[in-house]
Amino acid sequence: MKITQLLQEDKVTLSLEVFPPKKDTAMEAVSRSVQEIASLKPDFMSVTYGAGGGTSAYTVQIAKDIKAAYGVPSMAHLTCVSSTKETVREQLMRMQEAGIENVLALRGDIPTETDFPLPDQFHYAVEMVEYIKQVAPEMCIGGACYPEGHPEAVSKAQDIKNIKAKVDAGCEFLTTQMFFDNSIFYNYMYRLREAGVMVPVIAGIMPITRKNQVERSIQLSGSCVPARFKSIVDWFGDDPAKMKQAGIAYATDQIIDLIANGISHIHVYTMNDPEVAQGIMNNLSAILHA
């Protein structure tokens, strides 16, 4: 099923993200986690592209298994950073052969130790979106957006112009980078709609369940961490069990507030942790199945 079909239904959707192993030897553990998360029956699951392309060969296989073995619609990621133009074509062919109908087109984080872009790579996600529309027009294409502005954008206004260009090129829905303050998201949605970006927007939520995730998350996304959440980390951060429960509770509270304010589509970055995914879905069981 195409994700745009799911997003058109009159219901709350909750989707979950998993990632392939960083090393080939970890594939068995990742497969177990994916199976446990898929057994929760989210509305769909997305599979990231291996960091630096190192294990990206597993992305399509995992997405295929999610759909074929567990009956959950799936989406595979593709990044400009980890792919040549020929790699993108090959991956799209593999997706089609596997029956995968959804792809998330991303530029990706630029590794400091490599030159980017090379002549055979796409510079930006918008170029990849245009290419996918040409070579695989039946694919449902998603893209990323940034409630607090892309860290490399010269301004928030320019960032929204870039998002609009991506949508105009054929991006059919957007998933946000993580955020921890819902008011930032609501303001962002207003600015998107004002700019004419009318495609569905899925709110991306990252449950912070370990103290060391906070700094890493800020580095990657530039996210603002509210004082309320800092207090939670300060109080519970040194006790892993308490921090995990508090992180799940905070993410659940965010999601409930979003739904209560008319945001129907939520995407949870699970970090391959079935306990986190199950905790959130259990907390929302009545809301999701209303």
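You'll find the structure just up there.
As the structure is a prediction and not an experimental result, all values here were calculated from the model.

1. So, the nonpolar core
One recurring pattern in soluble globular proteins: nonpolar side chains tend to sit buried together. Formed by 68 residues in total, the largest nonpolar core has its most connected members in Leu14, Met45, Met95, Ile132, Leu174, Ile255 and Ile280. The next biggest cluster of nonpolar side chains, apart from the first, holds 13 residues, and it includes Val225, Phe229, Val233 and Tyr250.

2. Some details on helix α5 (residues 125-135)
Those residues of α5 that fall on the buried side of the exposure criterion are Ala125, Met128, Val129, Tyr131 and Ile132. Here the buried residues of α5 occupy an arc of 165° about the axis, which is enough to place them on one side. Residues of α5 that are buried sit in contact with β3 (74-79), α4 (85-98), β4 (102-106), β5 (140-145) and α6 (156-169).

3. Thoughts on the side chain of serine 15
Its location among the elements puts serine 15 in strand β1 (residues 13-18). There is a polar contact of 2.6 Å between the side chain of serine 15 and the side chain of histidine 267.

4. Here's the deal with the environment of valine 12
Here valine 12 is to be found in the loop between α1 (3-8) and β1. Valine 12 gets classed as buried once you look at its relative accessible area, which sits at 18%. On a C-alpha basis, the gap between valine 12 and methionine 139 in space is 23 Å, while along the polypeptide they are 127 residues apart. If we ignore the near neighbours within four places in the chain, the residues touching valine 12 are Asp43, Ile259, Ser264 and Leu288.

5. Structural notes on the side chain of threonine 48
With respect to the helices and strands, the residue threonine 48 is situated in the loop between β2 (45-47) and α3 (57-68). Accessibility expressed as a relative area gives 14% for threonine 48, which makes it buried. Beyond its immediate sequence surroundings of up to four residues, threonine 48 is in contact with Glu17, Val18, Phe19, Pro20, Thr59 and His77.

6. A short note on the packing of aromatic side chains
Per the stated rule, a full pass over the model turns up 5 aromatic pairs. Taken together, a centroid distance of 5.0 Å and an interplanar angle of 10° make the contact between phenylalanine 179 and phenylalanine 185 stacked. Judged by its relative accessible area of 0%, phenylalanine 185 falls in the buried class. Plain terms: the ring middles of phenylalanine 185 and tyrosine 186 are 6.1 Å apart, the flat faces sit at 65° to each other, and that makes the pair edge-to-face. Aromatic rings pair up to connect Phe179, Phe185 and Tyr186 into one cluster.

7. Concerning the sheet that holds β1
Taking strand neighbours around the barrel as the criterion, the 8 strands line up as β1-β2-β3-β4-β5-β6-β7-β8 in a closed arrangement whose pairing is parallel. Going from strand to strand, the sheet's axes swing by 30° on average, the running direction of each strand aside. Where strand β7 (residues 201-205) lies against strand β8 (residues 265-269), 3 bridges are found, and the strand directions are parallel. Looking across to β8, one finds that alanine 203 is bridged to isoleucine 266.

8. Description of the pattern of salt bridges
Tallied over the full model, the rule gives 10 salt bridges. As a salt-bridge pair, aspartate 43 and lysine 11 come within 2.8 Å of each other at their nearest N and O atoms. Of this pair, aspartate 43 sits in the loop between α2 (27-38) and β2 while lysine 11 sits in the loop between α1 and β1; the two residues are 32 residues apart in sequence, bridging distant segments of the chain. Note on aspartate 43: relative accessible area 17%, which makes it buried. A salt bridge links lysine 164 to aspartate 168; the nearest nitrogen and oxygen atoms lie 3.0 Å apart. With lysine 164 and aspartate 168 both in helix α6 and 4 residues apart, the pair spans about one turn of that helix.

Each value, and the rule that gives it
Residues numbered from 1 in each chain as written. Predicted model: local features only at pLDDT ≥ 70, side-chain atom pairs only at ≥ 80, totals over all residues. Heavy atoms only, no water. Core = buried A, V, L, I, M, F, W, Y, C linked by side-chain atoms within 4.5 Å. Buried < 20%, exposed > 50% of the residue type's maximum accessible area, 1.4 Å probe, protein only. Helix = DSSP H or I, 4+ residues; strand = E, 2+ residues; numbered from the N terminus. Arc of directions from axis to C-beta. Contact = heavy atoms within 4.5 Å. Polar contact = N/O pair within 3.5 Å; in protein donor to acceptor, adjacent residues only side chain to side chain. Phe/Tyr/Trp six-rings, centres within 6.5 Å; stacked < 30°, edge-to-face > 60°. Pairing = 2+ DSSP bridges. Axes fitted to C-alpha atoms, helices over the stretch in contact; angles between N-to-C directions. Salt bridge = Lys/Arg side-chain N within 4 Å of Asp/Glu carboxyl O.

Just distances and angles here, no functional claims.
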